[in-house]
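# Structural characterization, general
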Amino acid sequence: MEYPGIIAFGAALFAFIAWGGRTLPGERWQMLASVPLARNEDGSWRGLNLTWYGTLSALAYTLATAVAVALLASVGMGLAGLCLMVAGMLGLCIPASKIVARLVEGKRNTLTVGGAVFVGIVVAPFVAWAVVGATGSGAVLPALAALSVAYAVGEGVGRMACLSFGCCYGRPVDTLPAPWRGLFERWNIVFEGRTKKAAYAHGLCGQRLVPVQLMTAYLYCGAACLGMAFFAAGNFPMAMVLPLVTTQVWRVVSEFLRADYRGGRKISAYQIMAGFGVLFGLVPALTLDAAGVQAHLGRGVAALWGVPVLLLLQGVFLAVFLYTGRSSVTDSVVRFAIREGEI
């Protein structure tokens, strides 16, 4: 029953991505709400914009956490180990998304998944070793494989946040060589709205762009599902390597199709990080052993319904939304009035 469940999970992910590609580039799907903060002299209020980017990012992180918890629990890691693993990885990677972006791009209000992933790849073996050693449950290689699969799911779904905000956008189709232009004239993304990043950063509102976000989402979620299948079969090296290599190699390749600012060099810092990330990640996959460890995905899925795990997932969603969902680059004015006819 494990493989039909993986297939169903993959089908749901692909359906969500297909919906996002049709819907989220629209202007309506950037702002979720505006919260009045301070009253202006003309009676209006200055608002804080809450974004769909933050909502979808929180969904991606929460889904990745749920996948990691299910896979880790399936190989016998207890509740303490699950909480420590999630807290350790998110506690390091979420701040790294802003810190690395500031170092590479020189911008305070920008986030980078690529930088956070590089930090995660480097620290994951040490976090897994520390958690397994402290709790005495689980094993390091299956833990790393679970994190690799969970990351691919999270970043794949997280591309929907990029579609909403209009970031991580591809090159205009008209700038491509003829063979590629023909392909992307039929499959592209058009952003609407002046507050989309593609509009205010490069004036690309209304233009046909290479759908890098969709390509990334489909590829990463497909790699994650294959990784789950290897994990269920007990092939933990392949479960770790396949999502890792797929995501990081595509990170290098896909940036040649992107138009957003990635630094002043032809080969960006993020591409260099991805290349080193593959090499660094292969070391534990090729050297660690998990003999005798078997995965029971049914037991892992059942662990998701415990009250502590549900509270953990809710906490992850709220923390990520508060961190990424408050827009620093857009403003709003809110006015309140009485509907005379409704009194």
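Per chain, residues are indexed from 1 in the order of the written sequence. Thresholds applied to this predicted model are a pLDDT of at least 70 for local features of residues and 80 or more for the giving and counting of side-chain atom pairs; totals over whole chains, interfaces and linings are not thresholded and use all residues. Heavy atoms from the whole structure form the basis of all side-chain values; hydrogens and water molecules are not counted.

In DSSP terms, a helix is any run of H or I states spanning at least four residues, a strand is any run of E spanning at least two, and both are numbered starting from the N terminus. Summing up its helical and strand segments, the protein chain has 12 helices and five strands in all. Each radius of gyration is computed over the set of C-alpha atoms, and the globule rule expresses the reference value as 2.2 Å times the number of residues to the power 0.38. Taken over the C-alpha trace, the protein chain has a radius of gyration of 21 Å; the compact-globule value for 343 residues is 20 Å, and the two agree within 12%. Structurally, the protein chain occupies a C-alpha span of about 70 × 55 × 40 Å along its principal axes. Each residue gets one of three labels from its accessible area relative to the maximum for its type: buried under 20%, exposed over 50%, partly exposed in between, using a 1.4 Å probe on protein chains only. When the 343 residues of the protein chain are sorted by exposure, 49% land in the buried category. Side chains of the protein chain carry 25 positive and 15 negative charges; the gap between the two charge centres is 5 Å. A residue counts as positive if it is Lys or Arg and as negative if it is Asp or Glu; His and the chain ends are not included. Here the site of a charge means atom NZ of a Lys, CZ of an Arg, CG of an Asp or CD of a Glu.

Side chains that carry opposite charge are capable of pairing whenever their charged atoms lie near each other. The term salt bridge refers to a side-chain nitrogen of Lys or Arg lying within 4 Å of a carboxyl oxygen of Asp or Glu. Across all of its chains, the model carries five salt bridges by this definition. Linking arginine 335 and aspartate 42 is a salt bridge whose minimum nitrogen-to-oxygen distance equals 3.0 Å. With a gap of 293 residues between them, arginine 335 in the segment after strand E5 (332-334) and aspartate 42 in the loop between strand E1 (31-39) and strand E2 (45-51) connect regions that are remote in the sequence. Among the ionic contacts, a cluster of salt bridges with common partners joins Glu155, Arg159, Arg251 and Glu255.

Another point: the layout of surface pockets. As defined here, a cavity is a set of points on a 1 Å grid over the protein atoms alone where a 1.4 Å probe fits but cannot get out. A pocket is an open set with protein on both sides within 12 Å along at least five of seven lines, and residues line them when an atom is within 4 Å of a point. Grid points are joined across faces, edges and corners, and a volume is the space filled by probe spheres set on the points. When its volume is computed, the second largest pocket comes out at roughly 340 Å³. Lining the second largest pocket are 16 residues, with Phe9, Ala70, Met228, Leu297 and Val301 sitting closest to its centre. For the lining of the second largest pocket, the secondary-structure elements that each account for two or more residues are helix H1 (2-23), helix H2 (52-74) and helix H11 (297-303). Here the element with the most residues in the lining of the second largest pocket is H2; it accounts for five residues. Polarity classes work like this: nonpolar for Ala, Val, Leu, Ile, Met, Phe, Trp, Tyr, Cys and Pro, charged for Asp, Glu, Lys and Arg, and polar for all others, with Gly in that last group. Residues belonging to the lining of the second largest pocket are distributed by class as follows: 12 nonpolar, three polar and one charged.

Moving on: unusual backbone geometry. Leaving glycine aside, a negative phi is the common case for residues, and trans is the common case for peptide bonds. In the Ramachandran plot, cysteine 168 falls in the positive-phi region, its phi being about 55 degrees despite a non-glycine side chain. Within the element layout of this structure, cysteine 168 appears in the loop between helix H5 (140-165) and helix H6 (178-186). Cysteine 168 gets classed as buried once you look at its relative accessible area, which sits at 16%.

Turning to H2, a few remarks are in order. Take the residue count of a helix, subtract one, and multiply by 1.5 Å to get its expected span. Counted at 1.5 Å a residue, the expected span for H2 with its 23 residues is 33 Å, and the 33 Å between its end C-alpha atoms agrees. Across the 23 residues of H2, 20 count as buried, placing the element largely inside the fold.

Pairing of aromatic rings covers Phe, Tyr and the six-membered ring of Trp, with a centre-to-centre limit of 6.5 Å; geometry is then stacked below 30 degrees between planes, edge-to-face above 60, and tilted otherwise. Going through the model one piece at a time under the given rule, you end up with seven aromatic pairs. A centroid spacing of 5.2 Å and a plane angle of 65 degrees characterise the contact between phenylalanine 14 and tyrosine 218, whose relative ring orientation is edge-to-face. With phenylalanine 14 in helix H1 and tyrosine 218 in helix H8 (residues 212-232), the pair connects residues that are 204 residues apart, well separated along the chain. A relative accessible area of 26% places tyrosine 218 in the partly exposed class. Aromatic pair phenylalanine 16 and tryptophan 19: ring centres 5.8 Å apart, planes at 20 degrees, arrangement stacked. Pair noted here: phenylalanine 16 and tryptophan 19 are both in helix H1, with a separation of three residues, about one helical turn. Through a chain of ring-to-ring contacts, the aromatic side chains of Phe16, Trp19, Trp29 and Trp52 assemble into a single cluster.

Here we take up empty space enclosed by the protein. Summed over all chains, the structure comprises two cavities of 30 Å³ or more. Here the second largest cavity defines a volume of roughly 70 Å³. As for the second largest cavity, its lining consists of Glu155, Arg159, Cys168, Val212, Gln213, Thr216, Tyr220, Trp250, Arg251, Ser254 and Arg258. Counting residues per element, the ones that place at least two in the lining of the second largest cavity are H5, H8 and helix H9 (236-254). Among the elements that make up the lining of the second largest cavity, the one with the highest residue count is H8 (four residues). Taken together, the residues that form the lining of the second largest cavity break down as four nonpolar, three polar and four charged.

Exposure above 30% relative accessible area and the absence of a salt bridge qualify a residue for a patch, where like charges join within 9 Å and nonpolar side chains (Val, Leu, Ile, Met, Phe, Trp, Tyr) within 5 Å. Surface exposure here means Shrake-Rupley accessible area, sampled with a 1.4 Å probe, where a residue is shielded only by the protein chains that are shown. Together, Phe256, Ile267, Ile272, Phe276 and Leu279 make up a nonpolar patch on the protein surface, roughly 490 Å² of accessible area in all. Residue placement: isoleucine 267 occurs in the loop between H9 and helix H10 (269-287). The partly exposed category is assigned to isoleucine 267, whose relative accessible area is 40%.

Pairing between strands requires that DSSP locate at least two bridges from one strand to the other. Relative to E2, E1 runs antiparallel, the two sharing seven bridges. Its bridge partner being in E2, proline 36 is matched across the sheet by glycine 47.

With respect to topology, three strands assemble into an open sheet ordered E1-E2-E5, the strand pairing being antiparallel. Only two strands of the sheet have a single partner each, and these edge strands are E1 and E5. When strand polarity is set aside, the average angle formed by the axes of neighbouring strands in this sheet is 45 degrees. Two strands pair when backbone bridges link them, and E2 and E5 are joined in this way by three bridges, in the antiparallel orientation. Paired with arginine 46 across the strands is valine 333, a residue of E5. Think of each axis as a best-fit line through the C-alpha atoms, taken over the contacting stretch in the case of a helix, with angles from 0 to 180 degrees between the N-to-C directions.

The next point concerns the packing of H9 against H10. Any two packed helices are characterised by how steeply their axes cross, that is the angle between the axes, and by the distance between the axes. Following both chains from N to C, one finds H9 and H10 inclined at 170 degrees, their axes separated by 8 Å at the closest point. What the angle tells us is that H9 and H10 run roughly antiparallel. Of the residues in H10, those touching H9 at Pro237, Met240, Val241, Leu244, Val245, Gln248, Val249, Arg251 and Val252 are Tyr270, Gln271, Ala274, Gly275, Gly277, Val278, Gly281, Leu282, Pro284 and Ala285. Here the contact of H9 with H10 is composed, by residue class, of 13 nonpolar, five polar and one charged. Orientation is classified from the angle alone, with under 35 degrees giving roughly parallel, over 145 giving roughly antiparallel, 65 to 115 giving roughly perpendicular, and any other angle giving oblique. We call two residues in contact when some of their heavy atoms are within 4.5 Å.

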